[in-house]
Amino acid sequence: MKKYISTILAIALLFSVFTGCGKTNDENKPFDVKAGDVFTVRVSMEDSGLIKSMALTIYSDDETFEILDGKWLNHQAVIADFNRENKDAAIAFKDDTNYHGEIFEFTVKAKKDITVIDEGFSVEPVLKNEQNKLQCNGISLSYIL
């Protein structure tokens, strides 16, 4: 019975990560960068619901891109941190907060000449209200050259 419940919970978690928080922005067009070019990736979210904290993990090809810096786009947080080495970020609020719109951005340097496509980066969010994990609604990425 425990194995059955664990399997159901794992499937539910995968469903929420890959469907509820999947990228929703199909407006990005591929663009070319040369080795050494720097650009920004902006993360937007449709609706967080009421949260106390959020974590983001950034996924990209380390042989192609170097993450230079990252920052939360909210100044009302009690904690707003970015760890470049781990490519993750955390934010926490004193009160329940509905966090949406443009929430985070990170700066990237190309290590080689490449065409950047939407699948070049992904961001996995984890939203919490106290100890309860919440489902995310629509993460999208946009690029600023």
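Refer to the structure printed above.
The notes below deal with the structure included here. Values in this document were obtained by computation on a predicted structure and should not be read as measured data. Counting restarts for each chain: residues are numbered from 1 in the order of the written sequence. Only residues with pLDDT of 70 or above have their local features reported here, since the model is predicted, and side-chain atom pairs are shown and tallied only from 80 upward, although totals for entire chains, interfaces and linings are computed over all residues. Excluded from the side-chain calculation are hydrogens and water; included are all heavy atoms of the structure.

Salt bridge, as used here: a side-chain nitrogen of Lys or Arg that lies within 4 Å of a carboxyl oxygen of Asp or Glu. According to the stated counting rule, one finds six salt bridges in the structure shown. Salt-bridge contacts for D62 lead to K87; the nearest nitrogen and oxygen are separated by 2.7 Å. Of the two residues, D62 is situated in the loop between β3 (50-60) and β4 (65-72) and K87 in the loop between β5 (79-83) and β6 (88-98); the sequence distance between them amounts to 25 residues. Within this structure, R42, K71, E102 and E105 form a network of salt bridges that share partners. Helix and strand definitions here come from DSSP, where helices need a minimum of 4 consecutive H or I residues and strands a minimum of 2 consecutive E residues; each element is numbered from the N-terminal end.

Two strands pair if DSSP finds at least two bridges between them. Pairing geometry for β3 and β6, over seven bridges, is antiparallel. Looking across to β6, one finds that L50 is bridged to N98. Pairing of β3 with strand β9 (residues 121-129), which is carried by eight bridges, proceeds in the antiparallel orientation. Within the sheet, the bridge partner assigned to M54 lies in β9 and is L127.

Turning to the nonpolar core, a few remarks are in order. The biggest cluster of nonpolar side chains holds 31 residues, and the ones touching the most others in it are F39, M54, W72, Y99, F104, F106 and F121. Looking at this core, the elements that each hand over two or more residues are β1 (31-33), β2 (38-47), β3, β4, β6, β7 (101-110), β9 and β11 (137-144). Looking at this core element by element, the count peaks at five residues for β7. Here, residues are in contact when the closest pair of their heavy atoms is within 4.5 Å. Here F106 is in contact with F39, T40, V41, V43, I58, I67, D69, G70, F121 and V123, once residues within four sequence places are set aside. Nonpolar cores are built from buried Ala, Val, Leu, Ile, Met, Phe, Trp, Tyr and Cys residues. Side-chain atoms within 4.5 Å join them into one set. Exposure classes here rest on a 1.4 Å probe applied to the protein chains alone. A residue is buried below 20% of its type maximum, exposed above 50%, and partly exposed in between.

Another point: the sheet that holds β7. Taken in spatial order, the four strands line up as β4-β7-β2-β11 in an open sheet, and their pairing is antiparallel. What marks the edges here is a single partner per strand, and that holds for β4 and β11. In this sheet, neighbouring strand axes are inclined to one another by 25° on average, regardless of whether the strands run parallel or antiparallel. Pairing geometry for β2 and β11, over seven bridges, is antiparallel. Axis lines are fitted to C-alpha atoms, over the contacting stretch for helices. Their N-to-C directions set the angle, which ranges from 0 to 180 degrees.

Bringing the side chain of N74 into the picture now. Residue placement: N74 occurs in the loop between β4 and β5. The class of N74 is buried, set by a relative accessible area of 14%. Only 2.5 Å separates the side chain of N74 from the backbone nitrogen of Q76, close enough to count as a polar contact. The residues touching N74, leaving out its near neighbours within four places in the chain, are I91, F93 and Y99. What qualifies as a polar contact is a pair of N or O atoms within 3.5 Å, subject to a donor-acceptor requirement within protein and to the restriction that residues adjacent in sequence count only when both atoms come from side chains.

Moving on to the environment of D113. Mapped onto the fold, D113 is located in the loop between β7 and β8 (114-116). Given the relative accessible area of 53%, D113 is considered exposed. Ignoring any residue separated from it by four or fewer positions in sequence, one finds D113 in contact with V33, K34 and A35.

Counting buried positions along β2 gives seven out of ten residues, so the element sits mostly inside the fold. Where β2 and β7 come together, eight bridges link them in antiparallel fashion. In the strand pairing of β7, S44 is matched with E102.

Stacked, edge-to-face and tilted labels apply to pairs of Phe, Tyr and Trp rings (six-membered ring for Trp) whose centres lie within 6.5 Å, assigned for plane angles under 30 degrees, over 60, and everything in between, in that order. Within this structure, the stated rule accounts for 13 aromatic pairs. Look at F39 and F121: their rings are 6.1 Å apart centre to centre, the planes differ by 75°, and that puts the pair in the edge-to-face class. With F39 in strand β2 and F121 in strand β9, this pair connects stretches of sequence that are 82 residues apart. For F39, a relative accessible area of 1% gives the class buried. Using a relative accessible area of 1% as the deciding quantity, one classes F121 as buried. Between the aromatic rings of W72 and F104, the centroid separation amounts to 5.0 Å while the plane-to-plane angle is 65°, which identifies the pairing as edge-to-face. In this pair, W72 is assigned in strand β4 and F104 in strand β7, connecting sequence segments 32 residues apart. Feature note: the residues F31, F39, F65, W72, F82, F93, Y99, F104, F106, F121 and Y143 constitute an aromatic cluster, connected by ring pairs.

Function-wise, these values are silent; they only describe arrangement.
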